[in-house]
Amino acid sequence: MVAVDGAAPLLERAAARAARQGVADRFATLAGDLPGVLNDLDYPADLLWASQSLHHLGDQRAGLAAFAGHLAPGGTLAILEGGLPARYLPRDIGFGRPGLQARLNAAHEDAFTRMREELPGSVAETEHWPALLTAAGLKHTGTRSFLLDVPAPARTRPAPT
């Protein structure tokens, strides 16, 4: 297994955890920026897992093509990107104008759009993942969404009035 990241301290933590788990002999790290750092791999990958990283590439389509190009025949590319925004506030929090969560989500979308536009080599792309994966030469593509509902803990004492 090879962990790849642009942040060396994260890779150091991953290596330390691998050592604690007794798998350090099967674990390596590679520091650098995606997707170019994948050229430093000595062999094609049976599995590439890209978690919350693709949206940081200026050209996501080219990034997917690079990922696909580093897969062994029959290999798998697993990508975790985005999803529904987290909802942690009620619509009306008891003061101010209702809808704070919606306004926070809109501000986040604006900031995310600016971040994408400011990336080196930024290419505007419709985020139609099945089409992008197919265009990268990947077969048997599919997407899966999961909804996780974690209720707030029950209060053990009355709220202050």
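First, a word on scope: everything that follows refers to the structure included in this document. Residue indices begin from 1 for each chain and proceed along its sequence in written order. Only residues with pLDDT of at least 70 are given local features in this predicted model, and only at 80 or more are side-chain atom pairs given and counted; all residues enter the totals for whole chains, interfaces and linings. With hydrogens and water excluded, all non-hydrogen atoms of the structure serve as input to the side-chain values.

What follows concerns the pattern of salt bridges. The term salt bridge refers to a pairing of a side-chain nitrogen on Lys or Arg with a carboxyl oxygen on Asp or Glu at a separation within 4 Å. One pass over the structure, following the stated rule, counts one salt bridge. Residues Arg-61 and Glu-125 are paired through a salt bridge, measuring 2.8 Å at the closest nitrogen-oxygen approach. With a gap of 64 residues between them, Arg-61 in helix α2 (residues 60-69) and Glu-125 in the loop between α3 (100-117) and α4 (129-135) connect regions that are remote in the sequence. Arg-61 gets classed as partly exposed once you look at its relative accessible area, which sits at 37%. A relative accessible area of 23% places Glu-125 in the partly exposed class. Each helix is a run of DSSP H or I of at least 4 residues and each strand a run of E of at least 2, with the numbering of both proceeding from the N terminus. Buried residues are those whose accessible area, probed at 1.4 Å on protein chains only, stays under 20% of the maximum for their type, while exposed residues exceed 50% and partly exposed ones sit between those limits.

Our focus in this paragraph is the nonpolar core. Residues grouped as a nonpolar core are buried Ala, Val, Leu, Ile, Met, Phe, Trp, Tyr and Cys residues, joined through side-chain atoms within 4.5 Å. If you look at the biggest cluster of nonpolar residues, it comprises 18 residues, and the most contacted ones within it are Leu-48, Leu-64, Phe-67, Leu-77 and Leu-138. When residues of this core are traced back to their parent elements, those giving at least two are β3 (45-51), α2, β4 (71-80) and α4. Here, two residues are considered to be in contact whenever any of their heavy atoms come within 4.5 Å of each other. With residues up to four places along the chain from it excluded, the contact list for Leu-48 reads Phe-67, His-70, Leu-71, Thr-76, Leu-77 and Ala-78.

Nonpolar side chains collect at one region of the surface, where Leu-47, Trp-49 and Leu-80 lie side by side and expose about 340 Å² of accessible area between them. Relative to the elements of secondary structure, Trp-49 occurs in strand β3. In this structure Trp-49 comes out as exposed when scored by relative accessible area, which is 56%. Nonpolar side chains (Val, Leu, Ile, Met, Phe, Trp, Tyr) are joined into patches within 5 Å and like charges within 9 Å, using only residues with over 30% relative accessible area and no salt bridge. Computed with the Shrake-Rupley method and a 1.4 Å probe, the accessible areas treat only the protein chains shown as cover for residues.

The next subject is unusual backbone geometry. Between Leu-34 and the following residue, Pro-35, the backbone shows a cis peptide bond with an omega angle of -5°. Notably, Gln-52 is not glycine yet its phi reads approximately 55°, a positive angle. The residue Gln-52 is located in the loop between β3 and α2 in this model.

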